[in-house]
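Listed below, chain by chain, are the residues.
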2 protein chains.
Amino acid sequence: MGSSSNGVAVVDKSVDYANYFCTYALLYHQKEMLSDRVRMDAYYNAIFQNKHHFLGKAVLDVGTGSGILAIWSAQAGARKVYAVEATKMAEHARELVKTNGLEDVVEVIEGSMEDITLPEKVDVIISEWMGYFLLRESMFDSVICARDRWLRPNGVMYPSHARMWVAPIRYGLVDQKKIDYDRAMDDWSHFVNETKTFYAVDMGSLTKPFTDEQRKYYLHTSLWNNLHPNQVIGKPAVIKEIDCLTSSVNDILSLQANVSSVITAENTPFCGFGGWFDVHFRGREENPAKHEIELTTAPSEDFGTHWGQQVFLLHPSIRVSQGDNMTINFSMNRSKENHRLLENEDHDVIFRSVMANWRNATGVQGPLGKKFSLFCS
Amino acid sequence: MGSSSNGVAVVDKSVDYANYFCTYALLYHQKEMLSDRVRMDAYYNAIFQNKHHFLGKAVLDVGTGSGILAIWSAQAGARKVYAVEATKMAEHARELVKTNGLEDVVEVIEGSMEDITLPEKVDVIISEWMGYFLLRESMFDSVICARDRWLRPNGVMYPSHARMWVAPIRYGLVDQKKIDYDRAMDDWSHFVNETKTFYAVDMGSLTKPFTDEQRKYYLHTSLWNNLHPNQVIGKPAVIKEIDCLTSSVNDILSLQANVSSVITAENTPFCGFGGWFDVHFRGREENPAKHEIELTTAPSEDFGTHWGQQVFLLHPSIRVSQGDNMTINFSMNRSKENHRLLENEDHDVIFRSVMANWRNATGVQGPLGKKFSLFCS
């Protein structure tokens, strides 16, 4: 509620708990993340193939959840690990640390990163903070806060870098979305007629806002999907690069990218964009990783992740050909806080997911010189 | 956050908006309620068959939503209608009032009932406040608040009475729930083994809390369902009666009922209970309705409602016979506020629905002398 002086919106804590953290207090949800082999292998390899970063060091795990990264850090030889967790999951993490015999090294601290105090600065900050399409959930804010307060001058970030990608895609269900929308609007006409006939009330004045609401829901809201690589029909482009050591919250509040992509598939429908991210574990220049590890959430037949990809559809889709060039003008802005959603036009965000607090707007200059625009959340 | 002096928990408003009111700001959701013919017919008939309650009177509509009840009240001859709505839906209601030519009678007030002030007391308070199994959503609290502050001494409540019912049921999916639970636990075993094998971390200490979480989710959480009347296998029993004119918030904070039911179906599985409600529009003793209207959400082949019924399953189910008698000991308590869910064991509540803020505990003395107990939300 309200804004702090630097323009970063302040989130009301109780709302944040009700809407966001609650999910992370469920073991079911933790298990889902712990069963994501791509995610697990990346962090496991990043830690155990770079033990020199951990041996005898102080480590901070931001949002430890079940405590897995803290436990691995300790197993890799850390002298001390501070594992911070905002939810009651902290109790489970503490138990897990104990049954794995690491209670002398790992200290689980229940509290939000912004509030707690550590007895020392740390050599490593490790965190699995990435949300859908990287920045959903805005958890990186807490990592930045932790870094600015607790990382030693030569400390390293795990991961150290992050990138966001978009690529043109084909998507079989694009027509279905339009059919669903048309059906919803037919239902509405029927409803307006019935209400007039049976209850003597004219609902016609709500047709415009209902249309807007349904268009937003069916046509202009991005979707979670596990894309198959052959659905990607053009060259992926990087739209954002983040250096976890130096980025500020202001750097990630909004995103403007003007990139181009060339169509690589022959005579195919172009239905919109897929968006995904990757992160790298490289240490820092003065203290590099021995083995650089990559965690990518790009479309993959065999190595899908729980993050999947974010799909932004265009209506109508158009046909494109190999070699077609397109310019993609991508902009994305953090939306108002969830608890404010009733005061602007963001209600579809909650409609889709309580974790969504990003709003995207894309204008695409298509290969046929057409101008599309879409508005997604 | 915290409690007021009378023991009634105070809900943090921003949490309440994020979790509860947001849904009601969607026209899609309003349309669903406005398309419920049982609901619509009951209110329509209650108003237009009892015009004497409205003619020349001041009316307050608590939680007007799209404004339908306020509009009908005006059409039935009310002198003035105050239509209070906490969400942005108020704007749509105002538009609807205008296009139906009633802006001189209906005043839409955007605000929460507890905060706003009316220029006069009213003769009628009308509201569609009923949640799943009547008391979910706890919106009746706001109606009570409105009544105590704004109803004239001889004013009437629409509806005037409410009742909650339970009945023994059979339910085909009861075994599936157990199968789903068993599968979730098998998955967990597999997961614990894999994590030990591949990542050298023993997750065994989480097996107990994971089991509790999954039991609660699959076996001990009540379900929304539209029951077929032939799924009801015993005599329904009233477990709560509410006089809307006199009930206080304390009267609905908890519910204790000891009722009996006799099995009416021959040799059938007894799988648990169905719960539903009805409300009546009777006016008041000194100023009765001319035509009493009933709105029931009991299982019905032809007159189902969007409320459906709430199903509380027992595991395992048992066989019962016609004439078997059972004593049902039903207790239900309002849970802590949603924003506190992380501090107790209520996370399944949010897991199921952001609107749930009730917790039920039922002990059943079965016809075979067996003792079941279940804990539902």
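Treat the numbers as computed from the prediction; the structure is a model and nothing was measured.

Cut-offs applied
Residues numbered from 1 in each chain as written. Chains lettered and ligands numbered in written order. Predicted model: local features only at pLDDT ≥ 70, side-chain atom pairs only at ≥ 80, totals over all residues. Heavy atoms only, no water. Helix = DSSP H or I, 4+ residues; strand = E, 2+ residues; numbered from the N terminus. Buried < 20%, exposed > 50% of the residue type's maximum accessible area, 1.4 Å probe, protein only. Contact = heavy atoms within 4.5 Å. Areas by Shrake-Rupley, 256 points an atom, 1.4 Å probe, with all protein chains shown as cover. Salt bridge = Lys/Arg side-chain N within 4 Å of Asp/Glu carboxyl O. Pairing = 2+ DSSP bridges. Phe/Tyr/Trp six-rings, centres within 6.5 Å; stacked < 30°, edge-to-face > 60°.

Before going further, it helps to examine the overall build of chain A. What chain A contains, in helices and strands, is ten helices and 15 strands. Per-residue burial over chain A gives 58% buried out of 377 residues. Taking the contacts inside chain A whose residues are at least 6 apart along the sequence as the reference set, 78% of them involve residues at least 24 apart. In the structure as shown, chain A presents an accessible area of about 15000 Å², 48% of it carried by carbon and sulfur atoms.

Residues and elements named next belong to chain B. Positionally, Thr297 belongs in the loop between strand S11 (287-296) and strand S12 (309-320). Of the residues examined, Thr297 reaches a relative accessible area of 0% and is grouped as buried. Among all residues touching Thr297, those that are not within four sequence positions of it are Trp276, Phe277, Thr305, Trp307, Gly308 and Gln309.

All names here are of chain A. Within this structure, the stated rule accounts for 28 salt bridges over all chains. Residues Arg152 and Glu120 are paired through a salt bridge, measuring 3.3 Å at the closest nitrogen-oxygen approach. You can see Arg152 sitting in strand S5 (residues 151-158) and its partner Glu120 sitting in the loop between strand S3 (106-110) and strand S4 (122-126), a full 32 residues away along the chain. Look at Arg152 and you get partly exposed, because its relative accessible area is 28%. Residue Asp212 pairs with Lys208 through a salt bridge whose shortest N-O separation is 2.9 Å. Of this pair, Asp212 and Lys208 both sit in helix H8 (residues 207-218), four residues apart, roughly one helical turn. Take Lys208: its relative accessible area is 56%, and that puts it in the exposed class. Sharing partners across several salt bridges, the network here consists of Arg79, Glu120, Asp123 and Arg152.

Along any regular strand, the residues point their side chains to alternate faces of the sheet. All names here are of chain B. Across three bridges, the pairing between strand S7 (residues 223-225) and S12 is antiparallel. When the sheet's bridge partners are listed, Leu223 is paired in S12 with Val311. Direction of pairing for strand S10 (residues 268-284) relative to S12: antiparallel, over a ladder of seven bridges. Following the sheet pairing, Gly275 is matched in S12 by Gln310.

Moving on, we get to the environment of Glu294 of chain A. Residues and elements named next belong to chain A. Within the secondary structure layout, Glu294 lies in strand S11 (residues 287-296). Judged by relative accessible area, which is 43%, Glu294 ranks as partly exposed. Glu294 sits 14 residues away from His280 along the chain, and the two C-alpha atoms are 4.6 Å apart. Once residues lying within four places of it in the same chain are set aside, the contact partners of Glu294 are Ala42, Arg163, Asp278, Val279 and His280.

Moving on, we come to the packing of aromatic side chains. Taken as a whole and assessed by the stated rule, the structure comprises 30 aromatic pairs over all chains. A ring pair is formed by Phe270 of chain A and Phe273 of chain A, whose centres lie 5.6 Å apart and whose planes are at 80°; its orientation type is edge-to-face. A relative accessible area of 1% places Phe273 of chain A in the buried class. Here Tyr43 of chain B and Phe281 of chain B contribute two aromatic rings whose centre-to-centre distance is 4.9 Å and whose plane-to-plane angle is 80°, an arrangement assigned as edge-to-face. Of this pair, Tyr43 of chain B sits in helix H3 (residues 37-48) while Phe281 of chain B sits in strand S10; the two residues are 238 residues apart in sequence, bridging distant segments of the chain. The exposure class assigned to Phe281 of chain B is buried, which follows from its relative accessible area of 1%.

Moving on: the environment of Tyr28 of chain B. Its location among the elements puts Tyr28 of chain B in helix H2 (residues 27-34). Between the C-alpha atom of Tyr28 of chain B and that of Ile68 of chain B, which follows or precedes it by 40 residues, the distance is 15 Å.

What follows covers helix H4 (residues 68-75) of chain B. With seven of eight residues buried, H4 of chain B lies mostly within the body of the structure. Of the residues making up H4 of chain B, those classed as buried are Ile68, Leu69, Ala70, Ile71, Trp72, Ser73 and Ala74 of chain B.

Moving on to unusual backbone geometry. All names here are of chain A. That bond from Tyr158 to Pro159 is cis: its omega, -5°, falls within 30 degrees of zero. Along the polypeptide, Pro159 turns up in the loop between S5 and strand S6 (161-169). The phi dihedral of Phe133 is positive, around 50°, even though this residue is not glycine. Inspection of the secondary structure assignment puts Phe133 in the loop between S4 and helix H6 (140-150). A residue is classified by how much of its surface remains accessible, and Phe133, at 6% relative accessible area, is buried.

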